[in-house]
Amino acid sequence: AIDVALWDLKARRANLPLFRLLGGFDARVPCYAGGIDLDLSVEALLRQTDDNLAKGFRAIKMKVGANLEDDIRRCAVLRDVLGPDRLLMIDANQVWEVDQAIEWVQALAPYNPYWIEEPVSPDDVLGHGRIRKAVAPIRVVTGEHCHNRVMFKQFLQNNSLDVVQIDACRLGGVNEVLAVLLLAAAFDVPVCPHAGGR
């Protein structure tokens, strides 16, 4: 709390949002609209997507992982609406084991997902590496549940992810975020902050 409060004070004195004070985030990661959950009907999914596109989003993230046939149907519908030029991201929220993740993502590959987020347990560095090799060029994204820079160092050294996803609340403050940002820069891996409901 003290770390965050001191950084907040510094940002206020500079009259800048904190992310600008820190240099911003990597422009290689697109801004996207999320919230397309598994319990939405296709009609609700389409309404939410239309609303997000009307707001100017060019990338949409949807949840996957409960039923492969449903995910194929939903990805097909969403890809049809998005067309070839907008991005579709998929998020499994850690529901799979490694082999299942590989099989599932490969089944969704015809719909050109930009990334798969959290395919397996957030602690499975080696598993993420296997998935990344098997599903490329689909990017593997994880990190919102990583609690320190040591986890990120292991992911980066093992080439286990394509995008670092940091969560400042889980990392315990801005100083730890800075350490992860520096690690990601050293490995030339883009960073996407996680901001789910915080």
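So, here's what we can say about the structure.

How each quantity is defined
- Residues numbered from 1 in each chain as written.
- Predicted model: local features only at pLDDT ≥ 70, side-chain atom pairs only at ≥ 80, totals over all residues.
- Heavy atoms only, no water.
- Helix = DSSP H or I, 4+ residues; strand = E, 2+ residues; numbered from the N terminus.
- Rg over C-alpha atoms; globule rule 2.2 N^0.38 Å.
- Buried < 20%, exposed > 50% of the residue type's maximum accessible area, 1.4 Å probe, protein only.
- Contact = heavy atoms within 4.5 Å.
- Areas by Shrake-Rupley, 256 points an atom, 1.4 Å probe, with all protein chains shown as cover.
- Lys, Arg positive; Asp, Glu negative; His and termini not counted.
- Charge placed at Lys NZ, Arg CZ, Asp CG, Glu CD.
- Salt bridge = Lys/Arg side-chain N within 4 Å of Asp/Glu carboxyl O.
- Axes fitted to C-alpha atoms, helices over the stretch in contact; angles between N-to-C directions.
- Parallel < 35°, antiparallel > 145°, perpendicular 65-115°, else oblique.
- Left-handed = near helix turned anticlockwise from the far one by under 90°.
- Nonpolar A, V, L, I, M, F, W, Y, C, P; charged D, E, K, R; others polar.
- Core = buried A, V, L, I, M, F, W, Y, C linked by side-chain atoms within 4.5 Å.
- Pairing = 2+ DSSP bridges.

**Details of the overall build of the chain**
Right, on to step 1. Helix and strand content of the chain: nine helices and seven strands.
Right, on to step 2. Against the 2.2 N^0.38 benchmark of 16 Å for 198 residues, the chain shows a C-alpha radius of gyration of 17 Å, consistent with a compact globule.
Right, on to step 3. On the principal axes, the C-alpha backbone points of the chain span a range of 50 × 40 × 25 Å.
Right, on to step 4. Looking at the 198 residues of the chain, the share that counts as buried comes to 45%.
Right, on to step 5. Counting only contacts in the chain whose residues sit at least 6 apart along the sequence, the fraction spanning at least 24 positions is 69%.
Right, on to step 6. When the accessible surface of the chain is totalled, it reaches about 10,100 Å², and 52% of it is carbon and sulfur.
Right, on to step 7. Looking at charge distribution, the chain has the averaged site of its 22 positive side-chain charges lying 7 Å from that of its 26 negative ones.

**Section: the pattern of salt bridges**
Right, on to step 1. Under the counting rule described, the total for this entry stands at eleven salt bridges.
Right, on to step 2. Ionic pairing is found between Glu 117 and Lys 61, a salt bridge with its closest N-O pair at 3.0 Å. Placement of Glu 117 in strand E4 (residues 113-117) and of Lys 61 in strand E2 (residues 59-63) is noted, with a sequence separation of 56 residues between them.
Right, on to step 3. Given the relative accessible area of 0%, Glu 117 is considered buried.
Right, on to step 4. Judged by relative accessible area, which is 9%, Lys 61 ranks as buried.
Right, on to step 5. Members of the salt-bridge network, linked through shared partners, are Lys 61, Lys 63, Asp 91 and Glu 117.

**Topic: the packing of helix H5 (residues 98-108) against helix H6 (residues 125-135)**
Right, on to step 1. Axis separation between H5 and H6 bottoms out at 9 Å; the angle between their running directions is 25°. Classified by the angle their axes make, H5 and H6 are roughly parallel. When you trace H5 past H6, the crossing you get is right-handed. Taking contact as the criterion, the partners of Val 98, Asp 99, Ala 101, Ile 102, Val 105 and Gln 106 in H5 are, on H6, Gly 127, Arg 130, Ile 131, Ala 134 and Val 135.
Right, on to step 2. Each residue belonging to the contact of H5 with H6 can be placed in one class, and the counts come to seven nonpolar, two polar and two charged.

**Description of the nonpolar core**
Right, on to step 1. In terms of nonpolar packing, the biggest core is built from 27 residues, with Met 62, Val 64, Leu 78, Trp 96, Ile 116 and Ile 131 touching the most fellow members.
Right, on to step 2. Contributions of two or more residues to this core are made by strand E1 (33-36), helix H3 (42-54), E2, helix H4 (68-82), strand E3 (87-91), H5 and H6.
Right, on to step 3. If you tally residues by element for this core, the top one is H5, at six residues.
Right, on to step 4. Those residues within four positions of Leu 78 in sequence are excluded, and the remaining contacts are Ile 36, Leu 45, Thr 49, Ile 60, Met 62 and Leu 88.
Right, on to step 5. By size, the runner-up hydrophobic cluster in this structure holds 17 residues, among which are Cys 146, Phe 152, Leu 161 and Ala 184.

**Quick notes on the environment of Leu 21**
Right, on to step 1. Relative to the elements of secondary structure, Leu 21 occurs in helix H2 (residues 18-21).
Right, on to step 2. Classification of Leu 21 by relative accessible area gives partly exposed; the value is 25%.

**Details of the sheet that holds strand E7 (residues 191-193)**
Right, on to step 1. One open sheet holds the seven strands; their spatial order is E1-E2-E3-E4-E5-E6-E7, and the pairing between them is parallel. Single-partner strands in this sheet number two, and they are E1 and E7. Neighbour-to-neighbour, the strand axes of this sheet turn through a mean angle of 25°, independent of strand direction.
Right, on to step 2. Lying over the sheet, H3 contacts E1 and E2, oriented at roughly 165° with respect to E1.

**Digging into the packing of helix H1 (residues 2-14) against helix H9 (residues 174-186)**
Angle between the axes and distance between the axes: these two values describe a pair of packed helices.
Right, on to step 1. In the contact formed by H1 and H9, the axes pass within 8 Å of each other and the chain directions differ by 80°. With respect to their mutual orientation, H1 and H9 come out roughly perpendicular. Seen from H1, the contacting residues are Asp 3, Val 4 and Trp 7; seen from H9, they are Val 174, Asn 175 and Leu 178.
Right, on to step 2. Its residues placed into classes, the contact of H1 with H9 shows four nonpolar, one polar and one charged.

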